[in-house]
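Results of the structural survey
One letter stands for each residue in the lines below.
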Amino acid sequence: MAAPMMLLVWGFWWIPALGNVVAFQDYKPFTGGIFGSRLVGFTHFQLLFADPEFTRALVNTLAITVFQLVFYFPVPIMLALLMHSLASARLRSMLQSVVYLPYFFSWVLVIAIFQQMLGGAGLLSQVLRANGFEGVDWMTDPDTFILLVTSQAIWKEAGFGAIIFLAALAAIDPNQYEAAAVDGAGRWRRLWHITLPGIRPVIVLLLILRLGDALNVGFEQFFLQRSAVGSQASEVFDTFVYYSGIRTGDFDYGAAAGLFKGVVGLVLILAANKAAHLLGERGVYSKS
């Protein structure tokens, strides 16, 4: 039963990963290929670390990641707790449908909706001007770009992200809540001493995976808004690889940037998993 998935992983993950050797070559795709291109060692990595565009993309990516860890990561948890606490099954089902729906929208549609709401000619600006105030254009403001992309991510993905936490909440034994209520524990004490400890392993697991994906804040969302706010604010790791590697034909340079991204992600996962073990959690994996 696992064979089809193993073939999928090998065919689309492990075998293509061997192409990372391009990062150590003076890669000539049309004349030499992987087997005929000259090895240059760590030359591309030296050029990468000396490139100010790479530094800017790295700083922007880390800043957005840290910001979203603080302001976005808790939102699916709070949303799951809210939906779990609803007594009416009909209201819970309706709320789930409403918050899940944006996840299935493309980033093109999401950004178009935000443009109609927060752009210079959007609904918010029209309401402000109609009441004698100056309009706003947050869609082209580099200073608020980090707030903009975080709010877009929350609106689009928080509802779907709450599914995992809802599943974890459903696994908590209801008898614990009943025993706590008999002992006089209120709603907030039951939340603090039963609910949060019950879903803590899932929170730690997803936090570790999010840290491992720290340099992957998304390509399409930033690519679509790059021309509006400028590269100074919107250049992240994925767009840097596209513009500096793929678009210019410097595949070896882009491969070096991608390999650096993968190594950093691996180090972050290992470090976060070790920290989880020290705190008594299982993490992504544990030694038998």
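Fair warning: this is a prediction, and the values are worked out from it, not measured in the lab.

**Brief notes about the overall build of the chain**
Counting its secondary structure elements, the chain contains 15 helices and two strands. Taken over the C-alpha atoms alone, the chain extends approximately 75 × 65 × 35 Å along its principal axes. Here the chain holds 288 residues, and the buried ones make up 35% of them. In the chain, of all internal contacts separated by at least 6 residues, the share reaching a separation of at least 24 is 63%.

**A few points about the UniProt feature "domain: ABC transmembrane type-1" (unreviewed entry) in the chain**
Residues given the UniProt feature "domain: ABC transmembrane type-1" (unreviewed entry) here are residues 58–272. Between the C-alpha atoms that bound residues 58–272 the distance is 20 Å, and the span itself is 77% helix and 0% strand.

**Focus on the nonpolar core**
Formed by 19 residues in total, the largest nonpolar core has its most connected members in Ile-77, Leu-169 and Ile-199. Elements with a contribution of two residues or more to this core: helix 5 (74–85), helix 6 (89–100), helix 9 (145–170), helix 10 (174–182) and helix 11 (187–212). Sequence-distant contacts of Ile-77, defined by excluding residues within four places in its chain, comprise Phe-165, Ile-199 and Ile-203. Of all hydrophobic cores here, the second largest spans 15 residues; its members include Ile-111, Leu-118, Leu-148 and Val-149.

**Here's the deal with the pattern of salt bridges**
The tally for this structure, following the rule as stated, stands at five salt bridges. Residue Asp-26 is joined to Arg-38 by a salt bridge in which the shortest nitrogen-to-oxygen separation is 3.4 Å. Of this pair, Asp-26 sits in strand 1 (residues 25–26) while Arg-38 sits in strand 2 (residues 38–39), and the two are 12 residues apart along the sequence. We classify Asp-26 as partly exposed; its relative accessible area is 23%. In this structure Arg-38 comes out as exposed when scored by relative accessible area, which is 54%. A salt bridge links Lys-261 to Asp-238; the shortest N-O distance between them is 2.7 Å. With a gap of 23 residues between them, Lys-261 in helix 15 (residues 251–278) and Asp-238 in helix 14 (residues 237–246) connect regions that are remote in the sequence.

**Here's the deal with the UniProt feature "transmembrane region" (unreviewed entry) in the chain**
Using the residue numbers shown here, the UniProt feature "transmembrane region" (unreviewed entry) corresponds to residues 57–82, 103–125, 145–170, 191–209 and 253–272. For residues 191–209, the helix share is 100%, the strand share is 0%, and the end-to-end C-alpha distance is 25 Å.

**Considering the packing of aromatic side chains**
Following the criterion strictly, the structure yields 23 aromatic pairs and no others. Relative to Phe-71, the ring of Phe-67 lies with its centre 4.6 Å away and its plane at 40°, an arrangement referred to as tilted. Of this pair, Phe-67 and Phe-71 both sit in helix 4 (residues 52–71), four residues apart, roughly one helical turn. Given a relative accessible area of 48%, Phe-71 falls into the partly exposed group. Measuring from ring centre to ring centre gives 3.9 Å for Tyr-103 and Phe-160, while their planes differ by 5°; the resulting arrangement is stacked. Here the residue Tyr-103 occupies a position in the loop between helix 6 and helix 7 (107–118), and Phe-160 occupies one in helix 9, the gap between them amounting to 57 residues. A relative accessible area of 31% places Tyr-103 in the partly exposed class. Using a relative accessible area of 32% as the deciding quantity, one classes Phe-160 as partly exposed. Grouping aromatic residues by their ring pairs yields a cluster made of Phe-49, Phe-54, Phe-237, Phe-240, Tyr-253 and Phe-260. Sitting above the plane of the Tyr-103 ring, Lys-156 keeps its charged end 5.2 Å from the centroid.

The rules behind these values
- Each chain carries its own residue numbering, running from 1 in the direction its sequence is written.
- Restriction of local features to residues with pLDDT of at least 70 applies here, the model being predicted, together with a cutoff of 80 or more for giving and counting side-chain atom pairs; totals for whole chains, interfaces and linings are based on all residues.
- Hydrogens are left out, water is left out, and the side-chain values use all remaining heavy atoms of the structure.
- Helix and strand assignments follow DSSP, with helices taken as H or I runs no shorter than four residues and strands as E runs no shorter than two, numbered in order from the N terminus.
- Relative accessibility decides the category of a residue: with a 1.4 Å probe and only protein chains considered, values under 20% of the type maximum give buried, values over 50% give exposed, and everything between is partly exposed.
- Residues are treated as being in contact if the distance between any of their heavy atoms lies within 4.5 Å.
- UniProt positions are given in the numbering used here, feature names are shortened, and annotations may be inferred rather than shown by experiment.
- Side-chain atoms within 4.5 Å link the members of a nonpolar core, which is a set of buried Ala, Val, Leu, Ile, Met, Phe, Trp, Tyr and Cys residues.
- A pair is scored as a salt bridge if a Lys or Arg side-chain nitrogen falls within 4 Å of a carboxyl oxygen belonging to Asp or Glu.
- Here a pair means two rings of Phe, Tyr or Trp (six-membered ring of Trp) with centres within 6.5 Å. Their orientation is stacked below 30 degrees between planes, edge-to-face above 60, and tilted elsewhere.
- We count a charge as sitting over a ring when the NZ of a lysine or the CZ of an arginine lies within 6 Å of the ring centre and within 35 degrees of the ring normal.

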